[in-house]
Amino acid sequence: MNLNIQKPQLTDGKEIWKLIKRTGNLDLNSEYCYFMLSDLFKDYCAIVTSPDQTDILGYVSCIPRQDDSQTLFVWQVCTDPRIQKRGMAKKLINFVIEQQSEKVEFIEATISDDNQGSIALFTSLAKSYGAEMKKENYIEASDFNDSHESEYIYKIGKLNY
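Residues numbered from 1 in each chain as written. Predicted model: local features only at pLDDT ≥ 70, side-chain atom pairs only at ≥ 80, totals over all residues. Heavy atoms only, no water.

A separate point is the pattern of salt bridges. Here the structure, examined in full by the defined rule, presents 10 salt bridges. The partner of Asp80 in a salt bridge is Arg22, with the nearest N and O atoms 2.9 Å apart. Taken together, the residues Asp80 in the loop between β4 (68–79) and α3 (88–99) and Arg22 in helix α1 (residues 13–23) connect sequence positions 58 residues apart. The exposure class assigned to Asp80 is buried, which follows from its relative accessible area of 3%. A salt bridge links Glu105 to Lys158; the nearest nitrogen and oxygen atoms lie 3.6 Å apart. Of the two residues, Glu105 is situated in the loop between α3 and β5 (106–111) and Lys158 in the segment after β7 (151–157); the sequence distance between them amounts to 53 residues. (Salt bridge = Lys/Arg side-chain N within 4 Å of Asp/Glu carboxyl O. Helix = DSSP H or I, 4+ residues; strand = E, 2+ residues; numbered from the N terminus. Buried < 20%, exposed > 50% of the residue type's maximum accessible area, 1.4 Å probe, protein only.)

The end-to-end C-alpha distance of helix α4 (residues 116–128), which contains 13 residues, comes to 18 Å, matching closely the 18 Å that a straight helix rising 1.5 Å per residue would cover. For α4, the full list of buried residues reads Ser118, Ile119, Leu121, Phe122, Leu125 and Ala126. Considered in projection along α4, the buried side chains sweep an arc of 160 degrees and stay on one side of the axis. Structural note: α4 exposes Gln116, Gly117 and Lys127 on the side pointing more than 90 degrees away from its buried face. Taken together, the buried residues of α4 touch β4, α3, β5, β6 (132–139) and β7. After α4 finishes, the residue Gly130 shows a positive phi value of roughly 55 degrees. (Expected span 1.5 Å × (residues − 1). Arc of directions from axis to C-beta. Contact = heavy atoms within 4.5 Å.)

Let's shift gears to the nonpolar core. Within the largest apolar cluster, 32 residues are counted, with the highest numbers of intra-cluster contacts made by Val60, Val74, Ile93, Ile97, Phe122, Ile156 and Leu159. At the level of secondary structure, the elements contributing two or more residues to this core comprise β2 (45–49), β3 (56–65), β4, α3, β5, α4 and β7. Excluding its chain neighbours within four sequence positions, the residues that come into contact with Val74 are Val60, Ser61, Cys62, Ile93, Ile107, Glu108, Ala109 and Phe122. Residues Tyr34, Leu37, Cys45 and Cys78 belong to the second largest nonpolar core, which totals 12 residues. (Core = buried A, V, L, I, M, F, W, Y, C linked by side-chain atoms within 4.5 Å.)

Printed below as a string of structure tokens:
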């Protein structure tokens with residue numbers, strides 16, 4: 001399957017929402033949120049599309065740190081089961097990093113201990129950039145209103161590329 005990685009467009013919000021809902025492994029935000037990310041933050045997001053451009057099979061949203069423009073916070077990364085185990089999540093993040101006009105030196109993400117797939121992804125990113133990875137407490141489970149695991153912030157950097 002010949003897949004394409006590209007920046008999203010406003011109209012992709014609906015299909016991104018469907019992807020996140022279908023995979024069921026991320027917190028599902030409102031459709032409106034994905035429309036806004038696809039428009040206002042498109043330079044920090046990427047999608048994987050099928051060859052005929054009808055399906056969105058992967059998505060990543062990142063946000064630049066307000067207090068440090070050289071740090072990119074990876075908010076959500078998701079791939080459809082049909083394209084998992086192909087390194088697509090890593091390729092999506094790399095695409096966003098490579099698209100930046102200012103060099104990204106650090107990556108951050110929050111991950112709960114039960115999300116072994118994300119831990120493996122970010123460990124692999126750190127290794128491929130020859131960077132150190134640190135894990136720190138971020139949000140305790142007791143701080144959430146509903147049932148949610150504690151979140152830890154993973155900090156990767158300084159990236160070497």
